[in-house]
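# Commentary on secondary and tertiary structure
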Number of protein chains: 4
Amino acid sequence: MLDSTAAGVFAIAPTPFHPDGAIDWDSLDRLADFYGQTGCNGFTVLGVLGEAPKLDAAEALAIAKRAIARAGRPVIVGVSAPGFAAMRALARPVMEMGAAGVMIAPAAGLRGDDQIATWFRDAVDAIGGDIPWVLQDFPLVTGVSMTPQLIRRIVNENPSLKIIKHEDWPGLEKITALRGFERDGAMRRTAILVGNNGLFLDFELARGADGANTGYAFPDMLVQAVKLSREGARDAAQDLFDAHLPLLRYEHQPGIGLAVRKYILKRRGILASDALRKPGAALSPTAQAEVEYLLARLGRRCPQFALAAS
Amino acid sequence: MLDSTAAGVFAIAPTPFHPDGAIDWDSLDRLADFYGQTGCNGFTVLGVLGEAPKLDAAEALAIAKRAIARAGRPVIVGVSAPGFAAMRALARPVMEMGAAGVMIAPAAGLRGDDQIATWFRDAVDAIGGDIPWVLQDFPLVTGVSMTPQLIRRIVNENPSLKIIKHEDWPGLEKITALRGFERDGAMRRTAILVGNNGLFLDFELARGADGANTGYAFPDMLVQAVKLSREGARDAAQDLFDAHLPLLRYEHQPGIGLAVRKYILKRRGILASDALRKPGAALSPTAQAEVEYLLARLGRRCPQFALAAS
Amino acid sequence: MLDSTAAGVFAIAPTPFHPDGAIDWDSLDRLADFYGQTGCNGFTVLGVLGEAPKLDAAEALAIAKRAIARAGRPVIVGVSAPGFAAMRALARPVMEMGAAGVMIAPAAGLRGDDQIATWFRDAVDAIGGDIPWVLQDFPLVTGVSMTPQLIRRIVNENPSLKIIKHEDWPGLEKITALRGFERDGAMRRTAILVGNNGLFLDFELARGADGANTGYAFPDMLVQAVKLSREGARDAAQDLFDAHLPLLRYEHQPGIGLAVRKYILKRRGILASDALRKPGAALSPTAQAEVEYLLARLGRRCPQFALAAS
Amino acid sequence: MLDSTAAGVFAIAPTPFHPDGAIDWDSLDRLADFYGQTGCNGFTVLGVLGEAPKLDAAEALAIAKRAIARAGRPVIVGVSAPGFAAMRALARPVMEMGAAGVMIAPAAGLRGDDQIATWFRDAVDAIGGDIPWVLQDFPLVTGVSMTPQLIRRIVNENPSLKIIKHEDWPGLEKITALRGFERDGAMRRTAILVGNNGLFLDFELARGADGANTGYAFPDMLVQAVKLSREGARDAAQDLFDAHLPLLRYEHQPGIGLAVRKYILKRRGILASDALRKPGAALSPTAQAEVEYLLARLGRRCPQFALAAS
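Residues numbered from 1 in each chain as written. Chains lettered and ligands numbered in written order. Predicted model: local features only at pLDDT ≥ 70, side-chain atom pairs only at ≥ 80, totals over all residues. Heavy atoms only, no water.

### Here we look at the interface of chain B and chain A
- Residue-level contacts link 18 residues of chain B with 18 residues of chain A.
- In this assembly, chain B and chain A are joined by 4 salt bridges.
- We note a salt bridge from Lys278 of chain A to Asp122 of chain B, for which the minimum N-O separation is 3.4 Å.
- Summed over the shared surface of chain B and chain A, the number is 4 residue pairs in polar contact (both at pLDDT 80 or more).
- Tallying contributions element by element places helix H3 (residues 84-97) of chain B first for the side of chain B that touches chain A, with 4 residues.
- Taken together, the residues of the side of chain B that touches chain A sort by class into 10 nonpolar, 1 polar and 7 charged. (Contact = heavy atoms within 4.5 Å. Salt bridge = Lys/Arg side-chain N within 4 Å of Asp/Glu carboxyl O. Polar contact = N/O pair within 3.5 Å; in protein donor to acceptor, adjacent residues only side chain to side chain. Helix = DSSP H or I, 4+ residues; strand = E, 2+ residues; numbered from the N terminus. Nonpolar A, V, L, I, M, F, W, Y, C, P; charged D, E, K, R; others polar.)

As structure tokens, then:
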């Protein structure tokens, strides 16, 4: 079960599909194995950007079940939904299947600090206070902005909240503010794991984040960067990070980023196909060539990340 | 099965709940009967504002099943969902249960005419081209605006689209534009039924709408108004409409409107409780007194709509 | 100078234009006179919906100057702008010209209670703490939602805030909450004047509003309704209000409402033209006929509001 | 005067302020000189992110005048405004002062392709068809999305449109689509200059962009990268770009990016102060140290960009 000591890398898993849109179970197994082999501490399925909204309820349950059975490490399940009944209908069964916790993002359209705080209390009531959960703070997608003061309130009102998935933007000062609240005794300790494909991982770790909870197609890099950073090897961590940044940035493009990520995971032999379910664009040949160019440069700069030619 | 000759009143049914949030099946039966007794041509369950997002997948199916079994007239089922898989997982079974068609609103976040048109084609592919459907044009809630030209394109590209549920705002000129396209042969005939609680029903009928597809708690008024309008009794229709307008407007308040509607349906003896599922506010005693004041005035002005004192 | 005892009707003045887009100064004079003749306590120029964003800086100053010189009663000047420099560059001169105060709406894009409160303190710093001002609470247009708790904070932090222009939606419980804060001593007294074309004026007055600050083309009705309500003649006030509601609702349509309002003011002999500056649609002949139909019905029901045939 | 052969780098100039918020004219002069010394082809003042909305009308004119007088190369003036009168009141005088053209972003709130296209035609009518202009395509800030098809229409309908400032997101395929239209003869040739701090400059150039129109604090890097790219030295261009990417990304943070940019320009000796006008946060000491760390790394990797210690 998740608790507030969570740290390291929890990858965000894409949902593998066959070109016809069917779920690709074998690739899902390989993905679970891959996260173990690359040193991830756990991973998250059914995330907001993991095509979860494109699944029906039975598919979502089946994916969580398969991933948990295969993982051999903590699995977090995204249960964000427009309503509490659907949230509960996913959260309770996946915990029984052995999930380590769930992830919840605020519903679009919430207005004002009080309404947001009430919504989270109601969400916890709905799923049950015994389920540890991750608060996803991702205003670019949810449209819901939460100040550090509001997050402090949500943390203090909900003991089962264990991890903040931080992807506000800009966000460095927010991490500093939250860690300041903890130091002052105004907020209990929670883990902070960062998202946004790790685009600011270098400084987020220095500001006090405990690790990453994001989907960059080289989780092995994230694992090493977090390790180096914890060991105090700042320059080495930054060198590693900088070598990946051109590709990481390319994968972080909104709208097309998931297609890039799946393409790379296919190139790494994990996914059988880079298909997205509709609606969702495929990479053009030009975009594929751009990714290959960046992969080749990365491989030259860091041979450990070199991929065999496609 | 729905077709483009649909006309009259298709009520939008709220979902009845007990105070503890459980579905109130007896009230749902009474509601189905009520729509028949008041002369509705059919009704819609699981609409965007009918708390459909608060239901889990199994509940949604069960409500559709019960309503269809009881209705004795066409039932339309709202299947709007963030993804096509969930849409299909609801649409196919309810059609097998005997639904007359489904209703689809565009997903939030669609950008640009081409993307919107593509999304609807994909949605129809997902549910199957054999299911007649209602296009819900409700930008205030969906955030997706569609010009008359874009609606024309969607109509022409999707033969299974039979009805436009019109609740753009302002919308009178839009109806005129769509009927103009039909007259010019640029768009095939579709039914237009209006929403927005009927707030502009008087002029929308004059502009060419075929009726209403909305949830005002006096569907009997909507039925009479449409009938009078069709008979050419414009002033009589307007007199009737004007008598209801103070209450109708009160029920049309965003955020609180559904609680008003349920309160009135409870006062009419249809719903056992006016409870909403969380999140959703109850009417304050002051608001209840305001509704009672308006009900009393309506009853004095139009004795046929007088309710027994509460 | 405005203070927190403001009450009655402060009309929102449209900006009169000639068909070629030039400002129509004679009509502006007639408008100022009209507000006096109809018993308004004052009026507001350069409001958010008064085409203020379509004016350049010199035009805005000239309109304020002319209106103040002609008014013979308090004039409020809308100074909302994306930045504080432009706000100050309008606010200081109009106060020197004799304005009674200014109106400020929050800038689009503010996120979180703290940021909104800080923005208002900075706005007051920018214009000077000696200028009485009206807080415009209009989330439908600004996109900025403020809870009663946040408004209480803004009131308490800014002594020069004298009036809340209330057009949140729904808003009845908000007025009740604010008046409750005052009663409990948690918030100092401020005037509350309502907007939204007066669509809920009947109940807003009962909830504690002091009057209206809106632009309905029959301010004489608003004046009478406020007067009757204060005298405790609730049913008479409601009868009057209900008679106007069909037209008032028609004029309240977003996007097209201002064209309706200008059309009626032209029909009343106040404006020489109902032209809007670009971008802004004109009323179609059908829409004009609809307004005429509603005017004729109003005139029959309340002869005091009958207009001569056009 | 701008024309569609524009290419290279047009920097986006920040507006220099003293710590008290007054305009810093000397720094503005140094900035104009700096853009010349670094090889920029021209620069843009009063851009959407250049604090233009914080200036009053007189200040905006004065800044344009000073910059044009000093520049010795083409100056583009941002004239985006909520209304056409303010747009014209800035555009006409700055062209008389010698500006090379103006930049226009679509007004927030436009809905649907037809409305957007009409708005641009009206904007051109307002400023006059003789003024060359830059279309700013920046949906993240304006909220207005334009498909390649819609941009083609706007280009074809407005001969005075000479440059597309491309900062849609993701945007690579959009450049490819627009260049495809040109090749097919479906759209006349226009220059495409990219924004977004150059975050995708490497591939945007390869896709057909003619250069950059953005504000990264090392315009000298942008100039070199464009030059290398044109010479076909792809790897050298990418090496240079990659060396800057960690800092460039840091400067690209929304909300705080402008403070970073001003800080670096101060460190380079161009701006006397890194102050922003209210509302606008200053860099925390931690953030300053982060920027210094990135500057030091950049200086080690590319000595030509090394700054003296602060």
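Here the narrative resumes.
### Some words on the relation of the copies chain B and chain A
- Laying chain B over chain A is done by rotating through 180° and shifting 0.0 Å along the axis; what remains is an RMSD of 0.0 Å. Here the symmetry operator amounts to a two-fold rotation axis. Every residue of chain B has its C-alpha some distance from the rotation axis, and the shortest such distance is that of Ala57 of chain B, at 3.3 Å.
- Taken as a fraction of all interface residues of chain B, those also at the interface in chain A reach 100%, which identifies the copy contact as same-surface. (Least-squares fit on C-alpha atoms with pLDDT ≥ 70 in both.)

### Some words on the pattern of salt bridges
- If you walk through the whole model with that rule in mind, you get 116 salt bridges over all chains.
- Two residues, Arg121 of chain B and Glu157 of chain B, come together in a salt bridge whose shortest N-O distance is 2.7 Å. Taken as a pair, Arg121 of chain B in helix H4 (residues 113-127) and Glu157 of chain B in helix H6 (residues 148-157) lie far apart in primary sequence, 36 residues in all.
- A relative accessible area of 31% means that Arg121 of chain B is categorised as partly exposed.
- Among the ionic pairs, Glu290 of chain C bridges to Arg207 of chain B, the shortest N-O distance being 2.7 Å. With one member in each of two chains, Glu290 of chain C in helix H12 (residues 285-301) and Arg207 of chain B in helix H8 (residues 201-207) form a pair that bridges those chains. Each member of the pair, Glu290 of chain C as well as Arg207 of chain B, is classed as buried.
- When salt bridges that share partners are traced, they join Asp29, Asp33, Arg66 and Arg70 of chain A into one network. (Buried < 20%, exposed > 50% of the residue type's maximum accessible area, 1.4 Å probe, protein only.)

### Some remarks on the sheet that holds strand S8 (residues 211-212) of chain C
Residues and elements named next belong to chain C.
- Reading around the barrel, the 8 strands line up as S1-S2-S3-S4-S5-S6-S7-S8 and close back on themselves, with parallel pairing between neighbours.
- Looking at chain direction, strand S5 (residues 133-137) and strand S6 (residues 161-166) are connected through 5 bridges and run parallel. Bridging across to S6, Leu135 finds its partner in Ile164.
- Where helix H6 (residues 148-157) meets the sheet, its contacts fall on S5 and S6, and the angle it forms with S6 comes to roughly 155°. (Pairing = 2+ DSSP bridges. Axes fitted to C-alpha atoms, helices over the stretch in contact; angles between N-to-C directions.)

### Overview of the packing of helix H10 (residues 234-251) of chain D against helix H11 (residues 257-267) of chain D
Residues and elements named next belong to chain D.
- Packing of H10 against H11 brings their axes to within 7 Å, and their N-to-C directions diverge by 125°. Relative to H11, H10 is oriented oblique. The segment H10 lies against H11, with Leu247, Tyr250 and Glu251 engaging Gly257, Val260, Arg261 and Ile264.
- Residue composition of the contact of H10 with H11, by class: 4 nonpolar, 1 polar and 2 charged. (Parallel < 35°, antiparallel > 145°, perpendicular 65-115°, else oblique.)

### Looking at the layout of surface pockets
- One number sums up the size of the second largest pocket: a volume of about 360 Å³.
- Lining of the second largest pocket is provided by 15 residues; of these, Asp20, Gly21, Arg277 and Lys278 of chain C together with Phe84 of chain D occupy positions nearest its centre.
- Elements represented by at least two residues in the lining of the second largest pocket include exactly helix H3 (84-97) and helix H4 (113-127) of chain D.
- For the lining of the second largest pocket, a count of residues per class yields 6 nonpolar, 1 polar and 8 charged. (1 Å grid on protein atoms, 1.4 Å probe; cavity = no way out; pocket = protein on both sides within 12 Å on 5 of 7 lines; lining within 4 Å. Points joined across faces, edges and corners; volume = space filled by probe spheres on them.)

### Topic: the interface of chain D and chain A
- Every contact between the two is made by 31 residues of chain D and, on the other side, 31 residues of chain A.
- When chain D packs against chain A, close to 3100 Å² is buried across both sides, 60% of that on carbon and sulfur atoms.
- Among the residues of chain D in contact with chain A, Trp169, Arg249 and Tyr293 of chain D are the three that bury the most area, contributing 20% of the side total.
- Where chain D touches chain A, the interface holds 8 salt bridges.
- Taken together, chain D and chain A are joined by 14 residue pairs in polar contact (both at pLDDT 80 or more).
- Broken down by secondary-structure element, the contributors of at least two residues to the side of chain D that touches chain A are helix H7 (172-183), helix H8 (201-207), H10 and helix H12 (285-301) of chain D.
- By residue number, the principal contributor to the side of chain D that touches chain A is H10 of chain D, which donates 10 residues.
- When its residues are assigned to classes, the side of chain D that touches chain A shows 16 nonpolar, 4 polar and 11 charged. (Buried area = accessible area lost by both parts, 1.4 Å probe.)

### A short note on the sheet that holds strand S4 (residues 101-104) of chain B
- If you walk around this closed barrel you meet the 8 strands as S1-S2-S3-S4-S5-S6-S7-S8 (chain B), and the pairing is parallel.
- Contacts from H4 of chain B reach S4 and strand S5 (133-137) of chain B, with the element oriented near 150° to S4 of chain B.

### Some thoughts on the relation of the copies chain D and chain A
- Of the two same-sequence chains, chain D is brought onto chain A (RMSD 0.0 Å, axial shift 0.0 Å) by a rotation of 180°.
- Mapped onto chain A, 100% of the interface residues of chain D are again interface residues, and the two copies thus contact each other with one and the same surface.

### Details of the packing of aromatic side chains
- The final tally for this structure, using the stated rule, is 38 aromatic pairs over all chains.
- Plain terms: the ring middles of Phe84 of chain A and Trp119 of chain A are 5.4 Å apart, the flat faces sit at 45° to each other, and that makes the pair tilted. Here Trp119 of chain A lies in helix H4 (residues 113-127) and Phe84 of chain A lies in helix H3 (residues 84-97), a separation of 35 residues in the sequence. In this structure, Phe84 of chain A and Trp119 of chain A share a single accessibility class: buried.
- Here the aromatic rings of Phe120 of chain C and Trp133 of chain C are separated by 5.6 Å at their centres, their planes lie at 15°, and the arrangement is stacked. Linking Phe120 of chain C in helix H4 (residues 113-127) with Trp133 of chain C in strand S5, this pair joins segments that are 13 residues apart in sequence. Comparing Phe120 of chain C with Trp133 of chain C, the two get one shared label, buried.
- Pairwise contacts between aromatic rings join Phe84, Trp119, Phe120 and Trp133 of chain A into one cluster.
- In this structure, Arg234 of chain A is placed above the aromatic ring of Tyr293 of chain D, and the distance from its NZ or CZ to the ring centre is 3.6 Å. (Phe/Tyr/Trp six-rings, centres within 6.5 Å; stacked < 30°, edge-to-face > 60°. Lys NZ or Arg CZ within 6 Å of the ring centre and 35° of its normal.)

### Section: the state of the cysteines
- Counted according to the given criterion, the structure contains 0 disulfides over all chains.
- Free of any disulfide, Cys302 of chain A has its nearest neighbouring cysteine sulfur in Cys302 of chain D, separated by 17 Å. (Disulfide = S-S within 2.5 Å.)

### Examining unusual backbone geometry
- The linkage connecting Trp169 of chain B with the following residue, Pro170 of chain B, adopts the cis geometry, with an omega of 10°.
- Put simply, Lys278 of chain B and Pro279 of chain B share a cis peptide bond, and its omega is -10°.
- Mapping Pro279 of chain B onto the fold places it in the loop between helix H11 (257-267) and helix H12 (285-301).
- The residue Asn197 of chain A is not glycine, and still its phi comes out positive at about 60°.
- Along the chain, Asn197 of chain A turns up in the loop between strand S7 (191-194) and helix H8 (201-207).

### Looking at H12 of chain B
- Taking 1.5 Å of rise per residue, the 17 residues of H12 of chain B would be expected to cover 24 Å, and the 24 Å separating its terminal C-alpha atoms lies within 8% of that figure.
- Buried within H12 of chain B we find Ala287, Glu290, Val291, Glu292, Tyr293, Leu294, Leu295, Arg297, Leu298 and Gly299 of chain B.
- Contacts made by the buried residues of H12 of chain B are with helix H10 (234-251) and H11 of chain B together with helix H7 (172-183), helix H8 (201-207) and helix H10 (234-251) of chain C. (Expected span 1.5 Å × (residues − 1).)

### A word on the pairing of strand S7 (residues 191-194) of chain B
Residue and element names in this part refer to chain B.
- In S7, alternate side chains face the same way, and those of Ala191 and Leu193 on one face and Ile192 and Val194 on the other are all buried.
- Relative to S7, strand S6 (residues 161-166) is paired through 4 bridges, and the arrangement is parallel. Of the residues in S7, the one forming a bridge with Lys165 is Leu193.
- Note that the unit made of S6, helix H7 (residues 172-183) and S7 has a crossover that is right-handed.
- Note that S7 and strand S8 (residues 211-212) share 2 bridges and pair parallel. Following the sheet pairing, Val194 is matched in S8 by Ala212.
- Read from S7 through H8 to S8, the crossover connection turns out right-handed. (Right-handed = clockwise from strand over helix to strand, strands pointing away.)

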